[in-house]
Amino acid sequence: MIPPETWGAWLELWVGALLTLMIFSFLYKDNPFYKFAEHLFVGVSAAYWMVQGFWNTLMPNLVAQLWPSLVRFAYPSLADDPPNYWRIIPLVFGIFLLMRLIPPVSHFARLAMALAIGFAAGTNLTRYLQSDFVSQIGHTMYPLVSMEGGFSMTGTITNLVLVSGVLSGLVYFFFSKEHSGAIGRVSRYGIYVLMVSFGAAFGYTVMARISLLTGRMEFLGHWLSHGFSGPG
């Protein structure tokens, strides 16, 4: 008798291969097989993240804080903690958010959305200001002549390219003066720098997608090698 786990692995291989082929069928044209795989992926993903959010966010951060004894079966380490009634505030705003589904009281959802957006904007402002603004400015303030451990031609060329690229890129976005003459030439160099940056970012994205495609092709090769031989 064939072990059940072997049957399960064989069935999983076939389901994964058929769904992969359904997704690839979009390369020919839009069709019902692609629609089925697309809707299945979206539905399963939504259900998965809903379950994850319920057990990893809602239960430990709300239910376990208000009624610790109710979560003893899932979170025994939190069952003996004292109740934290301050969590009633996010509970109320969470109910406000769900009122968006009820037209007569849907305006209460704006309060919850305003709180969520305002809190996220306020807490992320300093973080992004440090990581995406101050830090990037600091990484462009290099000496034009690199003298780390003595004169370095490679470091000097690197710093010159970096500083000139940043300054020319900023000149390109300076619209208070016509881009002609020396400013126009610097601005054109800034365009080249921007195009190289965009091309590198696009190439990185393409390579990441190619790696996903390689994984799927390897999976299909495994399916062709083992899927038709039967389980076991």
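Everything here concerns the structure above.
Summary of the structure given here. Quantities reported herein were computed from a predicted structural model and do not represent experimental measurements. (Residues numbered from 1 in each chain as written. Predicted model: local features only at pLDDT ≥ 70, side-chain atom pairs only at ≥ 80, totals over all residues. Heavy atoms only, no water.)

When you go through the protein chain residue by residue, the secondary structure sums to six helices and zero strands. Listing the helices and strands of the protein chain from first to last along the sequence gives α-α-α-α-α-α. At 28 Å, the protein chain has a C-alpha radius of gyration far larger than the 17 Å of a compact globule built from 232 residues. Referenced to the eigenvectors of the C-alpha coordinate spread, the extents of the protein chain come out at roughly 75 × 60 × 50 Å. Each of the 232 residues in the protein chain was classed as buried or not, and the buried ones make up 16%. Nonlocal contacts in the protein chain, meaning residues at least 24 apart in sequence, comprise 30% of its contacts between residues at least 6 apart. Summing over all exposed atoms, the protein chain offers an accessible surface of approximately 17600 Å²; the carbon and sulfur share of this is 73%. Of the side-chain charges in the protein chain, 12 are positive and 10 negative, and the distance between the mean point of each set is 13 Å. (Helix = DSSP H or I, 4+ residues; strand = E, 2+ residues; numbered from the N terminus. Rg over C-alpha atoms; globule rule 2.2 N^0.38 Å. Buried < 20%, exposed > 50% of the residue type's maximum accessible area, 1.4 Å probe, protein only. Contact = heavy atoms within 4.5 Å. Areas by Shrake-Rupley, 256 points an atom, 1.4 Å probe, with all protein chains shown as cover. Lys, Arg positive; Asp, Glu negative; His and termini not counted. Charge placed at Lys NZ, Arg CZ, Asp CG, Glu CD.)

Tracing the sequence through the fold places Thr156 in helix H5 (residues 153-172). By relative accessible area, which is 8% here, Thr156 ends up buried. There is a polar contact of 2.7 Å between the side chain of Thr156 and the backbone oxygen of Ser152. (Polar contact = N/O pair within 3.5 Å; in protein donor to acceptor, adjacent residues only side chain to side chain.)

When two helices pack together, their arrangement is captured by the angle between the axes and the distance separating the axes. Orientation of helix H3 (residues 88-98) relative to helix H4 (residues 109-138), taken along the N-to-C sense of each, is 120°, at an axis distance of 7 Å. Put simply, H3 runs oblique to H4. Judged by the sense of rotation from one axis to the other, the crossing of H3 with H4 is left-handed. On H4, the residues touching Phe93, Phe96 and Leu97 of H3 are Ala109, Leu111, Ala112, Met113 and Leu115. (Axes fitted to C-alpha atoms, helices over the stretch in contact; angles between N-to-C directions. Parallel < 35°, antiparallel > 145°, perpendicular 65-115°, else oblique. Left-handed = near helix turned anticlockwise from the far one by under 90°.)

Roughly 270 Å³ of internal volume is contained in the largest pocket. Lining the largest pocket, in full, are Ile89, Pro90, Phe93, Gly94, Leu97, Ala112, Met113, Leu115, Ala116 and Phe119. Taken together, the elements giving at least two residues each to the lining of the largest pocket come down to H3 and H4. Class assignment of the residues belonging to the lining of the largest pocket gives a composition of nine nonpolar, one polar and no charged. (1 Å grid on protein atoms, 1.4 Å probe; cavity = no way out; pocket = protein on both sides within 12 Å on 5 of 7 lines; lining within 4 Å. Points joined across faces, edges and corners; volume = space filled by probe spheres on them. Nonpolar A, V, L, I, M, F, W, Y, C, P; charged D, E, K, R; others polar.)

Turning our attention to the side chain of Ser146. Relative to the helices and strands, Ser146 resides in the loop between H4 and H5. For Ser146, a relative accessible area of 10% puts it in the buried group. Those residues in contact with Ser146, other than ones at most four positions away along the chain, are Phe151, Ser152, Gly155, Thr156 and Asn159.

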